[in-house]
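# Structure at a glance
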Amino acid sequence: MRPFTSTISFDEARRRLDAAVVPIARTERVALGAAPGRVAAEDISSSIDVPPFSRSAMDGYAVIAADTSQASAGSPVRLRIVDRLYSGQAPAITIGSGACAEIATGAPLPAGADAVVMVEQTTKDGTDGVLVAAAATEGQNIGRRGGDVSAGTTVVRRGELLNPGRIGAIAAIGRQDVDVYARPRVAILSTGNEVVEPGRPLGPGQIFDVNRFTLSAIVESNGGLADARPPAEDTVASLGGALEACSGADIIVFSGGSSVGERDLIVDLVAAKGEMIFHGIAVKPGKPTAFAHIGVSRMPFFGMPGNPTSCLSNAYVLLVPFLRAVARLPELPARTLRVPLGRRIVSPAGRLQFYAVRIENGAAMPAFKGSGDITSLSQADGYIQIPADQSIVEEREFVNVTLF
Ligand code: AMP
Ligand code: MG
């Protein structure tokens with residue numbers, strides 16, 4: 001056994017991780033339908049005006065505004081209807097003084113007209129006439145050609161997240177695909193002779209692999225491509241081979257074997273293959289977490305604890321911010337709830353604790369069972385942070401719950 005000689009604070013761990021972020025440089029072209037949630041890798045400018053023609057913003061009548069200057073409810077102006085214009089049609093007739101065209105929302109404005117009177121301000125007068133009951137001002141109810149986007153304008157900038165509104169702007173200018181940053185490939189590997197893939201028979205002393213699935217889930221929902229590998233055995237040869245096989249990844253995440261038991265070989269592995277950036281954080285759960293650079297390429301390597309709750313908890317608070325920064329995604333805005341604590345919590349001194357809680361009847365109920373129990377998290381809605389210098393949180397004290 002080799003005990004931890006020292007741990008670093010959680011904040012220091014975050015600082016070292018932030019300093020190690022290399023935003024992904026690889027790009028790929030994807031169809032617009034596959035682009036939501038991706039990050040633009042190009043400035044996207046329009047080669048056309050949007051809308052491509054001036055059009056009516058209302059159902060009504062395309063008129064010459066000057067013809068209606070004297071119109072009012074008490075003394076409407078009669079105009080002659082010379083055309084009917086629907087969307088998707090090119091108008092053929094030019095509107096002259098005293099004339100108008102019935103027009104649908106989205107239909108091109110005919111030549112000569114300079115305003116649209118909405119149908120609610122008119123009354124039909126015979127088969128070919130309409131009474132206009134309000135004076136129109138030039139340009140009213142018209143969407144001008146290029147008024148949304150003029151040709152040459154940039155609609156989305158490199159580095160911007162492609163949210164639904166930006167996807168819409170790209171569609172509006174007629175682009176069918178877009179250059180985006182590649183999703184970082186995250187190699188995920190569980191270690192331990194006892195770890196077996198679900199679906200296989202469980203031998204004596206064996207357990208099913210949980211971390212592979214929790215890590216894959218959290219990676220996929222934060223902009224990464226999870227590349228999960230079969231579990232590796234607790235031998236230098238097996239771990240070394242598994243690490244070599246990860247050379248095509250952008251980030252490597254091993255779990256297990258990172259504490260100080262004599263069979264925990266991650267530390268020796270990193271010592272042989274790279275540089276340890278930290279090993280051991282004053283945090284609960286998840287103290288044995290390690291971060292290293294592997295090889296000359298300084299590949300980011302996370303050594304997560306084997307205990308499923310420790311592993312997932314630190315994935316939320318350490319791996320996710322790192323992965324999102326590499327993926328060039330914005331930080332996750334924390335969703336928090338301020339509620340009273342339903343039962344007193346005692347927390348170890350000297351370690352920042354992320355304590356899992358469940359929301360019940362408007363109160364935060366302790367949900368943490370043990371670091372090895374995945375139900376600590378599967379039955380929780382979020383966590384509260386108990387600072388390193390605080391050892392008790394009293395019942396009914398208000399706490400900030402960060403929701404998962
Ligand atoms: P270790 O960090 O390898 O010392 O493992 C700590 C505890 O977590 C042990 O009880 C392991 O059996 C368990 N464990 C390690 N890896 C996994 C895994 N992938 N899924 C579920 N439990 C695991
Ligand atoms: Mg192990």
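See the structure printed just above.
For the structure given in this document, a descriptive report is provided here. Throughout this document, residue positions are counted from 1 along each chain, in the order its sequence is written. Working convention: letters from A go to chains and numbers from 1 go to ligands, in the order in which they are written. Selection of residues for local features in this predicted model requires a pLDDT of at least 70, selection of side-chain atom pairs for listing and counting requires 80 or more, and totals for whole chains, interfaces and linings are taken over all residues. Processing note: side-chain calculations cover all non-hydrogen atoms of the structure and skip hydrogens and water entirely.

Proximity is defined per residue: if any heavy atom of the residue lies within 4 Å of a molecule or strand, that residue is considered near it. Around ligand 1, a shell composed of 16 residues is seen, among which Glu194, Asp209, Val210, Gly257 and Gly306 lie nearest. N or O atoms closer than or at 3.5 Å make up a polar contact, with two conditions inside protein: a donor-capable atom paired with an acceptor-capable one, and, for residues adjacent in sequence, both atoms drawn from side chains. Taking Glu194, its side chain carries an N or O atom lying 2.5 Å from an oxygen atom of ligand 1. Contact between ligand 1 and Val210: a nitrogen atom at 2.9 Å from a main-chain N or O atom of the residue. Protein chains shield 77% of the accessible area of ligand 1, which is 490 Å² for the free molecule. Classification convention: Asp, Glu, Lys, Arg as charged; Ala, Val, Leu, Ile, Met, Phe, Trp, Tyr, Cys, Pro as nonpolar; all other residues, Gly among them, as polar. A per-class count over the shell around ligand 1 returns five nonpolar, eight polar and three charged. Exposure was quantified through the Shrake-Rupley algorithm and a 1.4 Å probe, taking into account, for residues, occlusion by the shown protein chains and nothing else.

It is worth spelling out the sheet that holds strand β8 (residues 122-125) at this point. Note on sheets: strands pair through backbone hydrogen bonds, and any given pair is parallel or antiparallel. Two strands form a pair only when DSSP identifies at least two bridges running between them. Only DSSP runs of H or I with at least four residues qualify as helices, and only runs of E with at least two residues qualify as strands; both kinds are numbered from the N terminus onward. Ordered in space as β7-β4-β6-β5-β9-β8, the six strands form an open sheet in which the pairing is mixed. The sheet terminates laterally at β7 (115-118) and β8, the two strands that pair on one side only. In this sheet, neighbouring strand axes are inclined to one another by 40° on average, regardless of whether the strands run parallel or antiparallel. Here β8 pairs with strand β9 (residues 129-132) via four bridges, running antiparallel. Counted as the bridge partner of Asp125 is Gly129 from β9. Helix axes are fitted only over the stretch in contact, all axes being lines through C-alpha atoms; the angle between N-to-C directions runs from 0 to 180 degrees.

Following the sequence through the fold, Ser391 ends up in the loop between β26 (382-386) and β27 (392-393). Note on classification: 1.4 Å probe, protein chains only; a residue is buried when its accessible area is under 20% of the maximum for its type, exposed when over 50%, partly exposed between these limits. Its relative accessible area of 35% is what places Ser391 among the partly exposed residues.

Here we come to the sheet that holds strand β17 (residues 251-255). Spatially, six strands are ordered β16-β13-β17-β21-β20-β18 in an open sheet, and the strand pairing comes out mixed. For this open sheet the edge positions go to β16 (225-228) and β18 (274-279), each flanked by a neighbour on one side alone. The sheet shows a mean angle of 20° between the axes of neighbouring strands, direction not considered. Both strand β20 (residues 290-294) and strand β21 (residues 299-304) contribute to a ladder of five bridges, which runs antiparallel. Bridging across to β21, Phe291 finds its partner in Phe302. In what follows, a contact means two residues having at least one pair of non-hydrogen atoms within 4.5 Å. This element, helix α4 (residues 236-244), spans β13 (185-190), β17, β20 and β21 of the sheet and lies at about 155° to β17. Taken strand by strand, helix α5 (residues 266-273) contacts β17, β18, β20 and β21, and its axis lies near 140° from that of β18.

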